[in-house]
Amino acid sequence: MIKMFKNIISASLLFNLAFFTNAETTEMQQLQQKLVSISGFSAQFKQQVIDSKKQVVQMSNGQIDLVQPDKFKWLTGAPNENLLQSDGKTVWFYDPFVEQVTAYDLSETIKANPILLLMEPNSKAWQQYQVKKLDQNQYEVLPTDKDSQIVKLSLIFSEQSKIESLQILDRQGQTSLYQLSNFKAKALKDFEANFFDFVMPIGADLDDQRQ
């Protein structure tokens, strides 16, 4: 009888574990499906940076252009102007204030930054994250790596499955909120042939982190 009771308990625990694992997988798949349906887009954004004391410390505007699976251009305007761009193999970060360009391998960058998962909904990098569905159009993406500098990425979609906002919480308690507008679905053919090619700015130094 005791052995039977233990078996029932073990079976119950296994069932609950399987249920929650399957639910988590389903939530991840639902988010991936939403992103797959947005194979490319252009949007403007307004950014707010909020510190750990809930004070707004910076505001700026910018433009996002993205085409799955590996191309994007993320341009942030003044006062903290910078450019983050992928040509399909390398992620380039240009800071005009210090006149420096840093180059990273795209595959390694996706592992460290969940926002780049927007480009690759079917990437194996998703295995390093958990997804929570808060409601029909709101999701959280959380790295499983406890050393990740990003704690959480939150995404909110419109009823038409357009991305309305992105929110990034980092390890220091700082939140970067991006409110998107003028969201337009696009394909690679809608951009000029060399749109996503990075051109090294004259006078800038290169810090090459590619392996």
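Right above here is the structure, for reference.
Residues numbered from 1 in each chain as written. Predicted model: local features only at pLDDT ≥ 70, side-chain atom pairs only at ≥ 80, totals over all residues. Heavy atoms only, no water.

(A) Broad picture of the nonpolar core. Among the nonpolar cores identified, the biggest contains 35 residues, and Leu-31, Phe-41, Ile-163 and Leu-180 are the most heavily contacted of them. Looking at which element gives the most residues to this core, the answer is strand β9 (residues 150-157), with four residues. Formed by seven residues, the second largest nonpolar core is a distinct cluster that contains Leu-83, Tyr-94, Val-101 and Phe-198. (Core = buried A, V, L, I, M, F, W, Y, C linked by side-chain atoms within 4.5 Å. Buried < 20%, exposed > 50% of the residue type's maximum accessible area, 1.4 Å probe, protein only. Helix = DSSP H or I, 4+ residues; strand = E, 2+ residues; numbered from the N terminus.)

(B) Quick look at the environment of Gly-203. Along the chain, the position of Gly-203 falls in the loop between β11 (175-185) and β12 (205-208). For Gly-203 and Glu-99, which are 104 residues apart along the polypeptide, the C-alpha to C-alpha distance reads 7.0 Å.

(C) Seen up close, the environment of Lys-146. In this structure, Lys-146 sits in the loop between β8 (138-143) and β9. For the pair Lys-146 and Arg-171, spaced 25 residues apart in the sequence, the C-alpha separation amounts to 9.8 Å.

(D) Spotlight on the sheet that holds strand β3 (residues 71-76). Pairing in this open sheet of twelve strands is mixed, and the strands run β7-β8-β9-β10-β11-β1-β2-β3-β4-β5-β6-β12 from one edge to the other. Pairing within the sheet leaves two strands with one partner each, and these edge strands are β7 (129-135) and β12. Each neighbouring strand pair of the sheet contributes to a mean axis angle of 20 degrees, computed without reference to strand direction. With four bridges joining them, strand β6 (residues 100-105) and β12 adopt parallel strand pairing. Counted as the bridge partner of Ala-103 is Asp-208 from β12. (Pairing = 2+ DSSP bridges. Axes fitted to C-alpha atoms, helices over the stretch in contact; angles between N-to-C directions.)

(E) Focus on the packing of aromatic side chains. Going through the model one piece at a time under the given rule, you end up with nine aromatic pairs. Ring centres of Phe-45 and Tyr-178 lie 5.3 Å apart, and the angle between their planes is 75 degrees; on these two criteria the pair is classed as edge-to-face. In this pair, Phe-45 sits in strand β1 (residues 40-50) while Tyr-178 sits in strand β11, placing the two residues 133 residues apart along the sequence. By the burial criterion, Phe-45 is buried, and Tyr-178 matches it. Centroid distance Phe-195 to Phe-196: 4.9 Å. Interplanar angle 85 degrees. Geometry classified as edge-to-face. Phe-195 sits in the partly exposed class, given a relative accessible area of 22%. Taken together, Phe-45, Trp-74 and Tyr-178 form an aromatic cluster joined through their ring pairs. Its end group placed over the ring of Phe-157, Lys-34 keeps NZ or CZ at 5.2 Å from the ring centre. Looking at Lys-73, its charged tip hangs above the ring of Phe-195, at a distance of 4.0 Å from the centre. (Phe/Tyr/Trp six-rings, centres within 6.5 Å; stacked < 30°, edge-to-face > 60°. Lys NZ or Arg CZ within 6 Å of the ring centre and 35° of its normal.)

(F) The arrangement of the pattern of salt bridges in detail. In the structure shown here, the tally under the stated rule is four salt bridges. With its nearest N and O atoms 3.4 Å apart, the salt bridge here joins Asp-70 to Lys-71. Arg-210 is the salt-bridge partner of Asp-208, the closest N and O atoms lying 2.7 Å from each other. Residue class for Asp-208 comes out partly exposed when judged on its relative accessible area of 38%. (Salt bridge = Lys/Arg side-chain N within 4 Å of Asp/Glu carboxyl O.)

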